[in-house]
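Examining the three-dimensional arrangement
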Amino acid sequence: MIQLYIPLGFLGVIYREIKQSLTDLDRMFGLLEQSREVQDQPGATALRVPAEGAGVVFDAVDFAYHPSRPILQGVSFEIPPGRTVAVVGPSGSGKSTLARLLYRFYDVDAGHIRIAGQELREVTQDSVRQAIGIVPQDTVLFNDSIGYNIAYGRPGASQAEVEEAARAARIHGFIAALPQGYDTPVGERGLKLSGGEKQRVAIARTLLKNPPILIFDEATSALDSANERAIQAELHSAAAGKTALVIAHRLSTIADAHQILVMEAGRIVERGHHTELLALNGVYARMWALQQSHEGA
Ligand code: ATP
């Protein structure tokens, strides 16, 4: 008789791995199902962006990924054309969800989101995504040349335009110094970029796209402070004249936003300029004091 001796600990590992991948699959299907819900209405027209820019309005927005667990509740705010609104709050408070709804990965359950006065549900998804540039936390780079990775922002852009965007994002010098320059492959077997360099590629991509609305999801992984300040400066110039939603993890980077929204458990609990919020002596003031003491340490 053949006997199999498999250490029980090993089985435990396998079980956990299978369980995790089933959970991941489940999540993936959940996501696919949800994104299928977001479909253009019959006769949806393209978003019209006026020359003076596009304002963004969230009006009493409720949203849940799953009906049993409300995430956003009664969220209202406005970003006038060309202005920057920053969102802060603890992890899981719903900051990135605002960005996902604005990009229309999902439709709201109640309330309205409007861009330039037009209801998001009533315009085509394509036109919304054309109007918005995203600099995500973690930029996905394609297994292709670094030049391609920037040009992706606007298919058909000329090499000169790609380089101009890279210059503005302060990544041109770095690329030009590589032996293969813009043809350098990135990815698995190619060039490995640091978090800051990847964000610069994303900024260059977005500058090339030149959308009227910008979403910047600040990286959670801390960059060193010199790098952070430099990226902020580049972002600042990218956002000039654009309507911007900045999801911030470090308060020092958004002290000059036109308005700061403080979120807790899916609601906006405070709003105002940096100095107004400090004077409130509430959630924001406590977060600020905490970060200052960490940075001091
Ligand atoms: P962080 O600062 O950590 O990025 P956040 O404030 O951006 O957090 P969100 O990503 O908006 O938070 O998430 C808000 C809540 O929604 C969290 O509780 C999260 O677990 C949940 N959530 C996010 N994405 C999904 C999803 N695809 N399906 C189900 N729940 C989700």
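Residues numbered from 1 in each chain as written. Predicted model: local features only at pLDDT ≥ 70, side-chain atom pairs only at ≥ 80, totals over all residues.

A word on the site of the ligand
Close contacts around the ligand come from 11 residues, with Tyr 65, Ser 91, Lys 95, Ser 96 and Thr 97 the closest. Broken down by element, the shell around the ligand gets its largest block of residues, 3 residues, from helix α2 (residues 95-102). Within the shell around the ligand, the residues separate by chemical class into 3 nonpolar, 7 polar and 1 charged. (Near = placed C-beta within 6 Å. Helix = DSSP H or I, 4+ residues; strand = E, 2+ residues; numbered from the N terminus. Nonpolar A, V, L, I, M, F, W, Y, C, P; charged D, E, K, R; others polar.)

Things to note about the confidence of the model for the protein chain
This prediction gives the protein chain a mean pLDDT of 84; 84% of its residues lie at or above 70. Per-element confidence in the protein chain is highest for strand β4 (residues 110-115), whose mean pLDDT is 98, and lowest for helix α1 (residues 8-37), whose mean pLDDT is 45. Low confidence marks residues 1-36, where pLDDT is under 50. Its contacts with residues over four positions away, or in another chain, come to 3 contacts. Our summary of model confidence lists the complex with pTM equal to 0.82 and ipTM equal to 0.97. (pLDDT = per-residue confidence, 0-100. Contact = placed C-beta atoms within 7 Å.)

Focus on helix α5 (residues 159-168)
By the burial criterion, the buried members of α5 are Val 162, Ala 165 and Ala 166. For α5, the arc enclosing every buried residue in end-on projection is 100°, short of the 170-degree limit, so these residues lie on one face. Buried residues along α5 sit against α4 (146-151), α6 (172-176) and α7 (195-209). Note on α5: the residue one or two positions beyond its end, Arg 170, has a positive phi of about 55°. (Buried ≥ 20, exposed ≤ 12 C-beta atoms within 10 Å, placed from the backbone. Arc of directions from axis to C-beta.)

As for the pairing of strand β9 (residues 259-264)
Here β9 lies mainly inside the structure; 5 of its 6 residues are buried. The sheet contact formed by strand β3 (residues 84-88) and β9 spans 4 bridges and is parallel. Residue pairing in the sheet places Val 88 in a bridge with Val 262 of β9. The sheet contact formed by β9 and strand β10 (residues 267-272) spans 5 bridges and is antiparallel. Considered in β10, the bridge of Leu 261 is made with Arg 271. In this antiparallel pair of consecutive strands, β9 and β10, the connection spans 2 residues, and Ala 265 shows a positive phi of 45°. (Pairing = 2+ DSSP bridges.)

Quick look at unusual backbone geometry
Despite not being glycine, Asn 210 shows a phi value in the positive range, around 55°. You can see Asn 210 is positioned in the loop between α7 and β7 (213-217). We classify Asn 210 as partly exposed; it has 13 C-beta atoms within 10 Å. Its identity as a non-glycine residue notwithstanding, Asn 281 has a phi of 60°, on the positive side.

A look at the nonpolar core
Counting residues in each nonpolar core, the largest one holds 65 residues, and the members touching the most others are Ile 150, Ala 204 and Leu 245. Among the elements that line this core, the one with the most residues is α7, at 6 residues. The contacts of Ala 204, once residues within four sequence positions are left out, are Ile 150, Ala 165, Ala 166, Ala 169 and Ile 171. (Core = buried A, V, L, I, M, F, W, Y, C linked by C-beta atoms within 7 Å.)

Let's talk about the sheet that holds β7
Sheet architecture is open: 6 strands sit in the order β6-β7-β8-β3-β9-β10, paired in mixed fashion. For this open sheet the edge positions go to β6 (132-135) and β10, each flanked by a neighbour on one side alone. Between one strand axis and the next, the sheet turns by 20° as a mean value, whatever way the strands run. Examined bridge by bridge, β6 and β7 share 4 bridges and lie parallel to one another. Among the inter-strand pairings, Gly 133 is bridged to a residue of β7, identified as Leu 214. Across the sheet, α2 lies against β3, β6, β7, β8 (243-247) and β9, angled at about 145° from β8, the strand it touches most. (Axes fitted to C-alpha atoms, helices over the stretch in contact; angles between N-to-C directions.)

Quick word on the packing of α5 against α7
The description of two packed helices rests on the angle between their axes and on the distance between the axes. Closest axis-to-axis distance for the α5/α7 pair is 8 Å, and the angle between their directions is 125°. Between α5 and α7, the crossing angle belongs to the class labelled oblique. Relative to α7, α5 is oriented so that their crossing is right-handed. Where α5 approaches α7, its residues Glu 161, Val 162, Ala 165, Ala 166 and Ala 168 are matched on the opposing element by Ala 204, Leu 207 and Leu 208. When its residues are assigned to classes, the contact of α5 with α7 shows 7 nonpolar, no polar and 1 charged. (Parallel < 35°, antiparallel > 145°, perpendicular 65-115°, else oblique. Left-handed = near helix turned anticlockwise from the far one by under 90°.)

Describing the sheet that holds strand β1 (residues 56-66)
Sheet architecture is open: 4 strands sit in the order β2-β1-β4-β5, paired in antiparallel fashion. Each of the sheet's edge strands pairs with one partner strand only, and the pair in question is β2 (69-79) and β5 (118-119). Bridging between β4 and β5 involves 2 bridges; their strand directions are antiparallel. Note that in β5 the partner of Ile 115 across the bridge is Gln 118. Across the sheet, α2 is in contact with β1, β2 and β4; its angle to β1 comes to roughly 110°.

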